[in-house]
Amino acid sequence: GAAATDKDKQNQYGLLGLLNVIRMTDPDLNTLALGSDLTTLGLNLNSSKCLYSTFASPWADGPSKTEPQYQLPLCYYMQQTPPLKHAHLQKF
């Protein structure tokens, strides 16, 4: 009954739960516990270059760009900044 279910939930994180990982019966559990082979994602782990410059994400179709592609809206650019007054600094 309910006591057996509670006992099963407790055992999944102990040595008895480790048996499920060792037996490799659940593919989702295996991926979570053992990880994935990063070379299947196109990474050259023997490269002397930094990996972050060539790998954007496991879901990306190509390598990462060195500079992100974005445009800053014109309202963020200030042509003339207001002059700094010492009285403003005294408020802190």
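What you are looking at is a predicted structure, and each value in this text was computed from that prediction instead of being measured. (Residues numbered from 1 in each chain as written. Predicted model: local features only at pLDDT ≥ 70, side-chain atom pairs only at ≥ 80, totals over all residues. Heavy atoms only, no water.)

Caption draft 1: Spotlight on the overall build of the protein chain. Check the secondary structure of the protein chain and you find 4 helices and 0 strands. The order of helices and strands in the protein chain, counted from the N terminus, is α-α-α-α. On the protein chain, roughly 9,000 Å² of surface is accessible, and the fraction owed to carbon and sulfur atoms is 58%. (Helix = DSSP H or I, 4+ residues; strand = E, 2+ residues; numbered from the N terminus. Areas by Shrake-Rupley, 256 points an atom, 1.4 Å probe, with all protein chains shown as cover.)

Caption draft 2: Representation of unusual backbone geometry in the model. At methionine 24, a position not held by glycine, the phi torsion is positive, near 55 degrees. Tracing the backbone through its elements, the reader meets methionine 24 in the loop between helix H2 (15–23) and helix H3 (27–34).

Caption draft 3: Region of the structure containing the confidence of the model for the protein chain. In this model, the protein chain carries an average pLDDT of 78, and 88% of its residues clear a pLDDT of 70 or more. Ranking the elements of the protein chain by mean pLDDT puts helix H1 (residues 2–11) last, at 74, and H2 first, at 83. (pLDDT = per-residue confidence, 0-100.)

Caption draft 4: View of a nonpolar patch on the surface. A cluster of nonpolar side chains, contributed by Leu15, Leu16, Leu18, Leu19 and Ile22, occupies part of the molecular surface with about 510 Å² of accessible area. With respect to the helices, strands and loops of the structure, leucine 18 is situated in helix H2. According to the relative accessible area criterion, leucine 18 is partly exposed, its value standing at 42%. (Patch = residues over 30% accessible without salt bridge, like charges linked within 9 Å, V, L, I, M, F, W, Y side chains within 5 Å. Salt bridge = Lys/Arg side-chain N within 4 Å of Asp/Glu carboxyl O. Buried < 20%, exposed > 50% of the residue type's maximum accessible area, 1.4 Å probe, protein only.)

Caption draft 5: Representation of the environment of glycine 42 within the structure. Following the sequence through the fold, glycine 42 ends up in the loop between H3 and helix H4 (86–90). Along the primary structure glycine 42 and proline 63 are separated by 21 residues, whereas in three dimensions their C-alpha atoms are 9.1 Å apart.

Caption draft 6: Region of the structure containing the environment of threonine 40. Within the secondary structure layout, threonine 40 lies in the loop between H3 and H4. On the basis of relative accessible area, threonine 40 is assigned to the exposed category, the value being 62%.

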